[in-house]
Amino acid sequence: MPKIILMMSVSLDGFFEGPNREIDWHLVDEELHAHFNEEIRNMGALLSGRVTYELMAAFWPTADKDPDSPPTMVEFARIWRSIPKVVFSRTLERAEWHTTIVPEVVPESIRELKERSLGDLGLGGAELAAEFMRHGLVDEFRVYVHPVLLGRGRRLFSETDTMTRLRLVESRPFGNGVVLLRYERADADTAGSGTEAEADVGTEGAEAGDGGNTA
């Protein structure tokens, strides 16, 4: 069955944004961008909140028209335009580029979407991920650790009273110093099967720029 996969970049000290929401410390070179393209190309859909979607929609639909865009950006623009997207928002009224607007996270509907999907579902944003985790819906974590210490900012995972056990399934260093850590939930065989799985999952921090998963 397809999986719901959280994909996020973080600093070594655990922040996904700087104190002023800056992400200019992300080290995305051609090698890493090509990796992202390959991973996302094979997914069934991308899941995000409103602000993340609007940021992407403001740039990627025409990024391949810029003659200065490198090949990986041209490729990703075409991938992004064609891949199905689901935006969780109560205020967004209209969306293009194969995008469906959903007002809130309904666990039963998400599980049905996963069952129908032709590939894994890519989840972006810590706040939206927190909502998914509260319902036991995140199957895999792909955390890209960048070689920088920010000191302050917004943490990907906030404090919680619950422990979630994970199993490392892959680690991969890239030439620019970024390291992919890929984890599955240790209860992956029962994840999403009911209250027992849901009770084992804690909550997380705020989504990058999303200000709420259904804003």
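The structure displayed is predicted, hence computed values, not measured ones.

**Concerning the pattern of salt bridges**
Point 1. On inspection of all chains with the given rule, the structure shows 18 salt bridges.
Point 2. When the shortest N-O distance is used, the salt bridge between Asp139 and Lys114 registers 3.1 Å. In this pair, Asp139 sits in the loop between α5 (126-134) and β7 (140-146) while Lys114 sits in helix α4 (residues 107-116), placing the two residues 25 residues apart along the sequence. Accessibility classification places Asp139 together with Lys114 in one group, the buried group.
Point 3. If you follow the salt bridges from partner to partner, you end up with Lys3, Glu39, Glu140, Arg142, Arg167, Glu170, Arg182 and Glu184 in one network.

**Structural notes on the confidence of the model for the chain**
Point 1. Put simply, the chain has an average pLDDT of 86, and 87% of its residues get 70 or more.
Point 2. Scored below 50 in pLDDT, residues 190-213 makes 92 contacts in the model with residues more than four places away or belonging to other chains.

**Here we look at α4**
Note on helix geometry: an α-helix contains 3.6 residues per turn, so any two residues three or four positions apart are oriented the same way.
Point 1. For α4, the complete set of buried residues consists of Pro107, Ile110, Arg111, Leu113 and Lys114. For α4, the angular spread of buried residues about the axis comes to 155°, placing them on one side. Summarising the geometry of α4, the exposed residues directed more than 90 degrees from the buried face are Glu115 and Arg116.

**Description of α5**
Point 1. Counted residue by residue, α5 has seven buried out of nine residues, so it is predominantly covered.
Point 2. Every buried residue of α5 is accounted for by Ala126, Leu128, Ala129, Ala130, Glu131, Phe132 and Met133.
Point 3. After α5 finishes, the residue Gly136 shows a positive phi value of roughly 70°.

Rules used in this analysis
Residues numbered from 1 in each chain as written. Predicted model: local features only at pLDDT ≥ 70, side-chain atom pairs only at ≥ 80, totals over all residues. Heavy atoms only, no water. Salt bridge = Lys/Arg side-chain N within 4 Å of Asp/Glu carboxyl O. Helix = DSSP H or I, 4+ residues; strand = E, 2+ residues; numbered from the N terminus. Buried < 20%, exposed > 50% of the residue type's maximum accessible area, 1.4 Å probe, protein only. pLDDT = per-residue confidence, 0-100. Contact = heavy atoms within 4.5 Å. Arc of directions from axis to C-beta.

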